[in-house]
Amino acid sequence: MTVVTAADDVTAGDWREAVRKAASALVDAGAAGGGYPEACVRVVEENGPYIVLTKGLALVHARPEEGGLAVGVAVTRLAVPVEFGHPDNDPVDLLLAFCTPDPDAHVGTLSRLARALSAGLADRLRAASGGSDLARALKEALADD
Amino acid sequence: MALDRQLEILAVCGVGMGSSLMLKMTAEDALRSLGIEARVENTDVSTARGMTPDVVIGQGMHTSEIADLAPVVITISDFLDKDGLEAQLRERLTEQGWLS
């Protein structure tokens, strides 16, 4: 069972705040522990802004041992896009944060997410009419086949 | 010269479980379109250093660190760009004689 949550019209002054807020949605939903958001910020500090994996979209995550309690995905739509310092994919207006309790539990969920993104999920999320529509679009995309 | 075994491809990212998993799926789609049999794995850059794949794929900020790891190192900015990856794979694998 994947925890799915959404936050719309979120304001963030920079990428760190955006990542923190995106991951905090997983904490609020009970899918991640309190240290998870800072761990997600550290991933970018230590490894670069590679999590911006396509135009305008960041896949916010850290290792399971940083506080993953369940498999969860949270979509956050920013009121104003932020720069991550990515050479090609900035600025970012959509953040998909995920967490997983172990290195394998998320594979099915992320596979569905990848398929959905290839099929235009980001456009669907950008066109969503509000928070509940965002959540609906993400839930549909992650529904079991 | 043609490979007499399955091609081994490594998708890399910083943590080795999220972004690189997405890239792995994009690579599998691209390879299917090209009709290439390959085993695709995903991992983080540090773990990748101990591996001996035929092809490495990742973002420039990571492939620049492991530029000598494999005969073919492919840099891609958009991990969901199947067509772009397919074009790069076609060109680079043909160069190696692994695709005709």
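Residues numbered from 1 in each chain as written. Chains lettered and ligands numbered in written order. Predicted model: local features only at pLDDT ≥ 70, side-chain atom pairs only at ≥ 80, totals over all residues.

Peer 1: What's the story with the environment of B:Val12 in this structure? I'm lost.
Peer 2: Residue and element names in this part refer to chain B. Along the chain, the position of Val12 falls in strand β1 (residues 7–13). Under the C-beta neighbour-count criterion, Val12 is labelled buried, with 31 such atoms within 10 Å. In this structure the C-alpha to C-alpha distance between Val12 and Thr43, which are 31 residues apart in sequence, comes to 5.1 Å. Ignoring any residue separated from it by four or fewer positions in sequence, one finds Val12 in contact with Ser20, Thr43, Asp44, Val45, Ala48, Val56, Gly58 and His62. (Helix = DSSP H or I, 4+ residues; strand = E, 2+ residues; numbered from the N terminus. Buried ≥ 20, exposed ≤ 12 C-beta atoms within 10 Å, placed from the backbone. Contact = placed C-beta atoms within 7 Å.)

Peer 1: Teacher, can you tell me more about helix α1 (residues 15–28) of chain A here?
Peer 2: Residues and elements named next belong to chain A. Given a rise of 1.5 Å per residue, 14 residues ought to cover 20 Å, and the 20 Å separating the end C-alpha atoms of α1 matches this to within 8%. Taken across its 14 residues, α1 has 10 buried, putting it largely inside the fold. Three or more residues of α1 are buried, namely Trp15, Ala18, Val19, Lys21, Ala22, Ala23, Ser24, Ala25, Leu26 and Val27. Against β1 (3–10), α2 (36–47), β3 (57–60), β4 (72–82) and β5 (92–99) lie the buried residues of α1. Looking one or two residues past α1, Gly30 carries a phi angle of roughly 85°, positive in sign. (Expected span 1.5 Å × (residues − 1).)

Peer 1: What's the story with the pairing of β4(A) in this structure? I'm lost.
Peer 2: Remark: a regular strand shows side chains that alternate across the two faces of the sheet. All names here are of chain A. For β1 and β4, the ladder comprises 6 bridges, and the chain directions are parallel. Bridge pairing in β4 links Ala7 to Thr76. Sheet topology note: the β4/β5 ladder contains 7 bridges and is antiparallel. Bridge pairing in β5 places Thr76 opposite Leu95. (Pairing = 2+ DSSP bridges.)

Peer 1: Just checking my understanding: could you explain the interface of chain A and chain B for this structure?
Peer 2: When the parts of a complex come together, some accessible area is lost, and that lost area is often taken as the interface size. Taken residue by residue, the interface counts 23 residues in chain A and 18 residues in chain B. For the side of chain A that touches chain B, the elements supplying multiple residues, two or more each, are α2, β2 (52–54) and α3 (107–118) of chain A. Here the side of chain A that touches chain B gets 6 residues from one element, more than from any other, and that element is α3(A). Residue composition of the side of chain A that touches chain B, grouped by class: 13 nonpolar, 7 polar and 3 charged. (Nonpolar A, V, L, I, M, F, W, Y, C, P; charged D, E, K, R; others polar.)

Peer 1: I keep staring at the sheet that holds strand β2 (residues 38–44) of chain B and nothing clicks. Help me out?
Peer 2: Strands belonging to one sheet form pairs held by backbone hydrogen bonds; the direction of such a pair is parallel or antiparallel. Residue and element names in this part refer to chain B. A sheet is described by the order of its strands in space; here 4 strands give the open sequence β2-β1-β3-β4, paired in parallel fashion. The open sheet has two edge strands, β2 and β4 (72–75), and neither has a second partner. On average, adjacent strands in this sheet sit at an angle of 20° to one another, irrespective of strand direction. Bridge count between β1 and β2: 7 bridges; the pairing is parallel. Note that in β2 the partner of Cys13 across the bridge is Asp44. (Axes fitted to C-alpha atoms, helices over the stretch in contact; angles between N-to-C directions.)

Peer 1: Would you take a moment to explain the nonpolar core for this structure?
Peer 2: When a protein is soluble and globular, its nonpolar side chains tend to lie buried together. Counting residues in each nonpolar core, the largest one holds 83 residues, and the members touching the most others are A:Ala23, A:Leu26, A:Val60, A:Leu96, A:Ala97 and B:Met22. A per-element tally of this core places α1(A) first, with 8 residues. Beyond its immediate chain neighbours, meaning those up to four positions away, A:Ala23 contacts A:Ala32, A:Tyr36, A:Pro37, A:Cys40, A:Val60 and A:Ala97. (Core = buried A, V, L, I, M, F, W, Y, C linked by C-beta atoms within 7 Å.)

Peer 1: When you look at unusual backbone geometry in this model, what are you seeing that I'm missing?
Peer 2: If a residue is not glycine, its phi is most likely negative; likewise, a peptide bond is most likely trans. Residues and elements named next belong to chain A. In the segment running from Asp90 into Pro91, the intervening peptide bond is cis, with an omega of -10°. You can see Pro91 is positioned in the loop between β4 and β5. One non-glycine residue, Asp9, adopts positive backbone phi at about 60°. Among the secondary structure elements, Asp9 is positioned in strand β1.

Peer 1: Explain the UniProt feature "domain: PTS EIIA type-2" (unreviewed entry) in chain A here, please?
Peer 2: Those residues carrying the UniProt feature "domain: PTS EIIA type-2" (unreviewed entry) are residues 1–141 of chain A in this numbering. Helix makes up 39% of residues 1–141 of chain A and strand 24%, and the two end C-alpha atoms of the span are 14 Å apart. (UniProt positions renumbered as here; feature names shortened; annotations may be inferred.)

Peer 1: Just checking my understanding: could you explain the environment of A:Glu45 for this structure?
Peer 2: Mapped onto the elements of the fold, A:Glu45 is located in helix α2. Put simply, A:Glu45 and A:Arg16 are 29 residues apart on the chain and 9.3 Å apart in space, counted from C-alpha to C-alpha.

Peer 1: How should the packing of α1(A) against α2(A) be read in this particular structure?
Peer 2: Geometrically, a packed helix pair is captured by the angle between its two axes and the distance between the axes. Residues and elements named next belong to chain A. The geometry of α1 relative to α2 is characterised by a closest axis approach of 8 Å and an angle of 140° between their N-to-C directions. Judged by the angle between their axes, α1 and α2 are oblique. In the packing of α1 onto α2, the handedness of the crossing is right-handed. Facing Arg16, Val19, Arg20, Ala23, Ser24, Leu26 and Val27 of α1, the residues of α2 in contact are Tyr36, Pro37, Cys40, Val41 and Val44. Of the residues contributing to the contact of α1 with α2, the split by class is 9 nonpolar, 1 polar and 2 charged. (Parallel < 35°, antiparallel > 145°, perpendicular 65-115°, else oblique. Left-handed = near helix turned anticlockwise from the far one by under 90°.)

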